[in-house]
Every structure is written in C-alpha cells, then in structure tokens.
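Examination of the molecular architecture
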Amino acid sequence: MGQQPSPEADPTATVDFQEVQQRPEFTELKRRHRSFVFPMAAAFLIWYFLYVLLADYAHGFMSIKVLGNINVGLVLGLLQFVSTFAITMWYVSYANKKLDPIASGIRQDLESADRPQAGETH
Amino acid sequence: MLPFTTVTQEPTQVGEPWLNMTIFGLFVAVTMVIVLRASRNNKTAADYYAAGRSFTGSQNGTAIAGDYLSAASFLGICGAIAINGYDGFLYSIGFLVAWLVALLLVAELLRNTGKFTMADVLSFRLKQRPVRIAAATTTLAVCFFYLLAQMAGAGALVSLLLGIDDRLGQSIVITVVGALMILYVLVGGMKGTTWVQIIKACLLIAGAFIMTIWVLALYGFNLSALLGDAAATAGNPELLNPGLQYGVSETSKFDFISLALALVLGTAALPHVLMRFYTVPTAKEARRSVVWAIWLIGAFYLFTLVLGYGAGALIGPEAIEAAPGGVNSAAPLLAFHLGGPLLLGVISAVAFATILAVVAGLTITAAASFAHDIYANVVRKGQVDSQGEVKVARRTVLVIGVLSIAGGIGAQGQNVAFLVALAFAVAASANLPTIIYSLFWKKFSTQGAIWSMYGGLAAAIILIAFSPVVSGAETAMIPGADFAWFPLKNPGIISIPLAFFLGWLGTVLDKSVEDPSKQAEMEVRSLTGVGAEKAVDH
C-alpha cells in the first residue's frame, strides 16, 4: 500500500500527484468519468426502486395481462434485465472511447517520466 | 432471505445417492488435479491472495459468477419461484441489478488503488491503523455470517441429495466438505480457488441451460403456456402476480424494500467479490470481469425463471413442499423428472460443488484479510515479508476451516437463513458508504470512516438481533423467546442510510485534516491506473 512502496514495484513514488490532479487532462478525465457514472447510477437505482415499489404496492397494475399469461409485472421484470445489459454495454463503449485513451495517456506519461520501464514485469 | 434450512427427517425417495456421490467425487478429482497444477507458482503473497494477478477478464468474470451464484441462489430461487411465483423472480432481480454498482462505481477504481483486500483501498489515504482494523473487522464479520449460512445449508443439502438423514451422517459430510475446502485453499490459494469457481460456474450454468431448454421444449417454447400450466398445477392464478410472499402484510411489503436496498447496495461491497478484482492484471480487465459476470449471472437468473415455473408446473408446489428439503428440492426434483437419476446426479453434484466453491472463496478472503490487514499491517506494522504473511494466511485458513466445520455441525437444523441477508446488510451498511466516500469525496476523513463502518456494522447486527428472525416468531432462531422490538427481518433500510449519515457526520466533525497529497494520489491512481499492482511474471 501507500505506506510500504517497494521501489521496483512503484516507479511513481516521486510523482507530485497534487500537480497531476490539477492538470487539464486529468480534470477532463475526472469530469467525463463522473458525468457518466453518477447520473447512470442514479438512473438505474431509481428505475429499480420504481419497479420494486410497483411490485410491492401496485399489484393490480402489475397483474394486467399483456400477452397470454404474460403480465405487466413480468414484462417490467424482464426489462430490468434488458436495462442492466444495456447500461453495461453503454458503459463499456463509453469507457473504451472516452476514458481509456486519456487514462492511459496520463499513466504512460507518469510511469515513463522518472524511472523508465521500472516495475514493468511484462 | 430464502429459507435454506429445516430438514424434514424423512428418507429421500428420488435418485441414487451413490450416483450423486460418484459424480461429485469426479468433480472433486478433476478440480483437485487442476488445483495441484495451479499451485506450483504459489510463492509470494500476490500469488497466494491474488493468483499472481494473471487471470483474464473472462476467466475472472466466470469465477465471480461461480463465487456469487451460491446454492441459495440456485436451489433457493428455483424453489421460491415454484412456490411463491412472481415474488421469487422479483427477489432474483436485485441480485443482478446490483452488479451495476460494482461496474460503474467500484470495480476499476478499487483494482487501481488496492493490493489484496478491501482495507487496502479504505486505508489508502486515511490513518492506516484504525481504518484497517475497522475494515478487517467488517470483512471478517461478512465472511463469518456468509460462511456459517453456507455450511449450515450443506447439512440440509446432504439430506436432500445424498439421502443421509441422521445427524452423524450429515456431520460427517459437512466435515468432508470442510476438509476439501481447506485443502483447496491451503494448496491452491487464490489460483486454485478461482479454478474451482470457474469449473463450477460452467457446470452450473450449463446444467441450468440444458434444463431450461428442456422445459421450454416441453411447452413448445411458449413461455405463456408454461406460466399457464404452472398456475393451473398450483391451482392459484395469483402465482403469476406479485404479492404471494412479500405482499401478505404492510410489514412484509416494507421488509421487501429493505431487503432490495441491501441486495442492490451490498453486492458491490461483499469482500469476497471485491477481492476477485485483484486477480486480473489491469482495471480494464476488472471491467471486463464485471461485464462477463453480469452476462452470466443475468442469463442464469433468466434460466431460474423458467426452471422455477417449470418445477411449479411439472411437479407442483405441494409435492415440492412435502419433499425432504422443502423449497430447496424444486430444482433437484425437476432434474429427476426430466432426466432421471443421471440428471439429478449431475445437478446434485453441481449443488455440492457450489457450496464448496463459495466457502473456498469466503475462506481465502477472510484469511487474506486477517493475515494481510491484521497481522502484517497492524501487528507487525508492515515489517514482514510476503512469505511470512502467506504462512500466517495458511494457518488462518486452517483455523477458519475448522471453525466453519464446527459452526456448520452446530447450526444443523437451526433456522439460520437470515445470515445471508445479514451478510448483505452488513456489506451494504458497513462497507459500501466508506468505499464510495473514500473514492469520491475529497474531504472524507478517518473519523467518518470509523463511525460509518462500526456504526453500520453495529446497527445491522443489533437490529437483526431484535428482529423477528431471531425471536418472537414461529420461524425464528429462538422461537420460545420474544425480544423482537424491531418489526422488519431486514435491517438495511435503517442501517444503510444511518451508515452514510455517520460517515458524513464523522467527517464534518473531524478536527484533524487528512493529507491532501494522499487524496490526490488516490484520485489520480484510481482513475488512471498509475502505479497499480502489476501481474506477477513467472
């Protein structure tokens, strides 16, 4: 951990992280990360608890048959699966395109800056 | 939570116990060979706790699914859907949606900032000693509750699947399961444990998939016809509507909200799940792991929907409840109905493998937390090499193994199903607020972390102790006494907001200021992966 950095495993021991934290590319990375994950987390939690409340308190509505024996409750439940899979794919594509390039840029910059290749075991 | 208990003392009628045992023996033999091969490189702490960080995202994702889909999810949810219909399905959804918390807020940031345990992350920028001790305490508490629930469940499963009904026979099987678990973890470390989980996940998901297709084929791949037949067999059209289980009273409705909260926020803070993120080389692979886990777990819960209603339609709730093992017998009875003794044998072996894999994952997590957090960092203040730490971890595995065997034997026939719910509630109350605050809130302080962790832990345990699951109800652990003043079976709705509040209050009242350079370091590392622990190169 932070307290026991072994020198060969940590090429960034001498980096001034407060300076990095202020860099525009880092503040941009942080902004992009938070502006995606916070609203998305809020959205899926609200959608999930809306579903839970409907299943808990709106039995009549959830029991309306849509197609054969398939009712609103089952459709909404299956939509929870669909939304979970969709958010997962959306996040992965966002992270690949918008987060990873900046993150790896900063990482390469810092890890090569003071001690080239140290700690790279592969 | 799901009733994973109450063994009825009747002989098991279905299947061939010897066939079940042979198939399980085959699983043990195959995994043991793999564990022995995998253990060759277990030299350092990174090898032992984190499998040299050499698993790929897809392997780790499969192992996460193997770790997460416990016997309670498989047997319990199938049974719950067969008997309570829609409410069983409702319950399974929380287990899946919860993974989005892990994906969006926890997995990658945690992989980038930690080394082996949850406490690594929580104590990164706060005062090491107190925060590490608190985080190790909550880790051990969650592992202990979960482990006890699994071992007690093993006894019930023995009666159901092997036809061993007497106490002595069950105790012997629990001892064998415990001994196998100790062997896997002792010899194989995280690498061996991971392989057991991967193999188990593949068998479990493949088995559930085959049965799902089989059931659907019987109904011409018409879900509506299956649902109609399930309701007809039960003689109750309400089976398809919400409310059979959670809708019985206003208290039970409110209880379900509390449970849903603990499920959705607890999953991403279960220490044995968090520790799995350290077995991959990078944060990107950690992301990939969660994505794999979400697909596999999601698919699995869709299968249980079909299997549960299938068991309800083909076997019927009355026959299931009358069978030894009660609700948990829905999936095995369905397997027997479809594929005779052979399919039942496979499904039984998978159920056993499930217990084995889950307890192994919990044990290595608890051992790592004790050896790495308490022994190496608190007792020895970091002045110990990784071989010394692994030695202590291995001894801890032995102790935990023996304790869990004793606990499993002692808990036989006791109603301890609430322990799984308690584990999720403790994880969501004691761990999640501190994880979120320390990753995202700049001002978060040591005092806030301590208040939140101990406050959340104490609130969850105290509320459970004075709830109807422990006393004051026929199904309680101590049915004879009544000291239940807390009406809900799930403490989450009180303990989780309380822990978030305590974390905030402790921080704003904290007079000492945390080191801003450590905060900067943690933030930069968590988002970029700078200086993150690398894979071990053998």
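No experiment lies behind these values; they were computed from the predicted model shown.

A tally of regular secondary structure across chain B gives 20 helices and zero strands. Taking 24 Å as the expected radius of gyration for a compact globule of 538 residues, we find that chain B reaches 22 Å, a close match to that expectation. Long-range pairs, those at least 24 residues apart, make up 84% of the contacts in chain B between residues at least 6 apart in sequence. Counting only carbon and sulfur atoms, one obtains 68% of the accessible surface of chain B, whose full area is about 16600 Å². Here chain B holds 30 positive side-chain charges and 28 negative ones, and the gap between their average locations is 16 Å.

A count of helical and extended segments in chain A gives four helices and two strands. Ordered by position from the N terminus, the helices and strands of chain A form the series α-α-α-β-β-α. Per-residue burial for chain A yields a buried fraction of 43% across its 122 residues. At a minimum sequence separation of 6, the contacts of chain A that also span at least 24 residues come to 67%. When the accessible surface of chain A is summed, it comes to about 6200 Å², and 65% of that surface belongs to carbon and sulfur atoms.

Another aspect to go through is the packing of aromatic side chains. All names here are of chain B. Evaluation of the coordinates by the stated rule reveals 31 aromatic pairs over all chains. Both rings, one in Y246 and one in F256, keep their centres 4.3 Å apart while their planes meet at 35 degrees; by these two values the pair is tilted. Taken together, the residues span a long stretch of sequence, with Y246 in the loop between α10 (223-234) and α11 (250-266) and F256 in helix α11 at a distance of ten residues. Each member of the pair, Y246 as well as F256, carries the same accessibility label: buried. In textbook terms, an aromatic cluster arises when at least three aromatic residues are bridged by ring pairs, as seen for Y68, F74, Y91, F95, W99, Y146, F300, Y301 and F424. The aromatic ring of F124 is capped on one face by K518, whose charged end is 5.2 Å from the ring centroid.

Now for the UniProt feature "transmembrane region" (unreviewed entry) in chain A. Residues and elements named next belong to chain A. As recorded in UniProt, the feature "transmembrane region" (unreviewed entry) lies at residues 36-54 and 74-92. A helix fraction of 100% and a strand fraction of 0% characterise residues 36-54, whose end C-alpha atoms lie 27 Å from each other. The span residues 74-92 is 100% helix and 0% strand, and its two end C-alpha atoms sit 27 Å from each other.

Once that is clear, we can look at the packing of α10(B) against helix α13 (residues 283-314) of chain B. Each packed pair of helices is defined by two parameters, the angle between the axes and the distance between the axes. Residues and elements named next belong to chain B. Packing of α10 against α13 leaves a shortest axis separation of 7 Å and a crossing angle of 45 degrees. Relative to α13, the element α10 is oriented oblique. In the packing of α10 onto α13, the handedness of the crossing is left-handed. Only V306, Y309, G310, G312 and A313 of α13 make contact with α10, whose side of the interface consists of L226, L227, D229, A230 and T233. Partitioned by chemical class, the residues of the contact of α10 with α13 number six nonpolar, three polar and one charged.

What follows covers α10(B). Helical geometry note: an α-helix holds 3.6 residues per turn, so side chains three or four residues apart project in the same direction. All names here are of chain B. The first and last C-alpha atoms of α10 sit 17 Å apart over twelve residues, in line with the 16 Å expected at 1.5 Å per residue. Every buried residue belonging to α10 is among S224, L226, L227, A230 and A231, and all of these are buried. Buried residues in α10, looked at end-on, bunch into an arc of 160 degrees, giving them a common side. You can read the cap of α10 off the contacts: a side-chain oxygen lies 3.0 Å from the backbone nitrogen of S224, and it is on N222.

Attention shifts here to the nonpolar core. Residues and elements named next belong to chain B. Membership of the largest hydrophobic core comes to 227 residues, with the highest contact counts inside it found for W99, L104, Y301 and Y309. Top element by residues in this core is helix α15 (residues 330-379). It accounts for 25 residues. Residues within four places of W99 in sequence aside, it is in contact with I64, Y68, T267, V273, F277, V290, I294 and I297.

Once that is clear, we can look at the interface of chain A and chain B. Of the residues lining the interface, 63 residues belong to chain A; the matching set on chain B comes to 72 residues. Where chain A abuts chain B, roughly 6000 Å² becomes buried across the two surfaces, and 68% of that area is made up of carbon and sulfur atoms. Seen at the junction of chain A and chain B, the total is five salt bridges. Here K534(B) and E111(A) are joined by a salt bridge, their closest N and O atoms 3.5 Å apart. Joining chain A to chain B, the criterion identifies 18 residue pairs in polar contact (both at pLDDT 80 or more). When residues of the side of chain A that touches chain B are traced back to their parent elements, those giving at least two are α1 (17-22), α2 (24-57), α3 (59-62), β2 (70-71) and α4 (72-113) of chain A. It is α4(A) that provides the largest number of residues to the side of chain A that touches chain B, a total of 21 residues.

A few words on helix α19 (residues 492-508) of chain B. Residue and element names in this part refer to chain B. The end-to-end C-alpha distance of α19, which contains 17 residues, comes to 24 Å, matching closely the 24 Å that a straight helix rising 1.5 Å per residue would cover. Listed as buried for α19 are G492, S495, I496, A499, L502, G503, G506 and T507. For α19, the buried positions fall inside an angular range of 125 degrees around the axis, keeping them on one side.

The subject of this paragraph is the side chain of T363(B). All names here are of chain B. Tracing the backbone shows T363 in helix α15. Residue classification places T363 among the buried positions, given a relative accessible area of 0%. T363 has contacts with L147, M181, V185, V397 and I400, leaving out every residue within four places of it along the chain.

Definitions and limits used
Residues numbered from 1 in each chain as written. Chains lettered and ligands numbered in written order. Predicted model: local features only at pLDDT ≥ 70, side-chain atom pairs only at ≥ 80, totals over all residues. Heavy atoms only, no water. Helix = DSSP H or I, 4+ residues; strand = E, 2+ residues; numbered from the N terminus. Rg over C-alpha atoms; globule rule 2.2 N^0.38 Å. Contact = heavy atoms within 4.5 Å. Areas by Shrake-Rupley, 256 points an atom, 1.4 Å probe, with all protein chains shown as cover. Lys, Arg positive; Asp, Glu negative; His and termini not counted. Charge placed at Lys NZ, Arg CZ, Asp CG, Glu CD. Buried < 20%, exposed > 50% of the residue type's maximum accessible area, 1.4 Å probe, protein only. Phe/Tyr/Trp six-rings, centres within 6.5 Å; stacked < 30°, edge-to-face > 60°. Lys NZ or Arg CZ within 6 Å of the ring centre and 35° of its normal. UniProt positions renumbered as here; feature names shortened; annotations may be inferred. Axes fitted to C-alpha atoms, helices over the stretch in contact; angles between N-to-C directions. Parallel < 35°, antiparallel > 145°, perpendicular 65-115°, else oblique. Left-handed = near helix turned anticlockwise from the far one by under 90°. Nonpolar A, V, L, I, M, F, W, Y, C, P; charged D, E, K, R; others polar. Expected span 1.5 Å × (residues − 1). Arc of directions from axis to C-beta. Polar contact = N/O pair within 3.5 Å; in protein donor to acceptor, adjacent residues only side chain to side chain. Core = buried A, V, L, I, M, F, W, Y, C linked by side-chain atoms within 4.5 Å. Buried area = accessible area lost by both parts, 1.4 Å probe. Salt bridge = Lys/Arg side-chain N within 4 Å of Asp/Glu carboxyl O.

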